[in-house]
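Each chain, written out:
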Amino acid sequence: MFDLNTPEWFSKAPCIGEDRLFFSAHPSKRRMAVAKCTEECGNTEKCLQFALDNKMTQGVWGGKTGPELSRLLEADAYA
Ligand code: SF4
């Protein structure tokens with residue numbers, strides 16, 4: 001994962017240790033990562049806001065892929 005000052009809830013997230021899934025270039029793996037976010041994580045909304053606040057556009061965060069995060073940032077739709 002990135003070397004960020006991550007929130008406390010992140011330390012127990014289901015994505016911990018899953019970098020190869022969450023940062024995969026393969027669409028099927030990205031879909032699996034998104035499913036993990038939406039089905040197994042209780043902090044999806046907080047994570048999405050964290051990712052947008054930190055302009056994260058690589059990997060899957062908060063149930064969104066990098067391109068989706070980029071579009072949200074460009075649209076400023078999360079404000
Ligand atoms: S929403 Fe996804 S990326 Fe964010 S902490 Fe949860 S499992 Fe990890």
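Here, the structure is the one placed above.
Here is what the cut-offs are and how they apply
Residues numbered from 1 in each chain as written. Predicted model: local features only at pLDDT ≥ 70, side-chain atom pairs only at ≥ 80, totals over all residues. Buried ≥ 20, exposed ≤ 12 C-beta atoms within 10 Å, placed from the backbone. Helix = DSSP H or I, 4+ residues; strand = E, 2+ residues; numbered from the N terminus. Arc of directions from axis to C-beta. Contact = placed C-beta atoms within 7 Å.

Undergrad: Got a minute to help me understand helix H3 (residues 44–53) in this structure?
TA: Those residues of H3 lying buried are Cys47, Leu48, Ala51 and Leu52. One side of H3 holds all its buried residues, which, seen down the axis, span an arc of 135°. More than 90 degrees from the buried face of H3, the exposed residues found are Glu45 and Asp53. Looking at the packing, one finds that the buried side of H3 touches helix H4 (66–75). Directly beyond the C-terminal end of H3, a positive phi value near 50° is found at Lys55.

Undergrad: Would you mind showing me how to read the environment of Val34 here?
TA: Within the element layout of this structure, Val34 appears in helix H2 (residues 27–40). Residue Val34 is classed as partly exposed on the basis of its 19 C-beta neighbours within 10 Å. C-alpha separation for the pair Val34 and Gly62, spaced 28 residues apart in sequence, amounts to 7.9 Å. Apart from the residues within four sequence positions on either side, Val34 is in contact with Val60, Gly63 and Thr65.

Keep in mind these numbers describe shape, not what the thing actually does.
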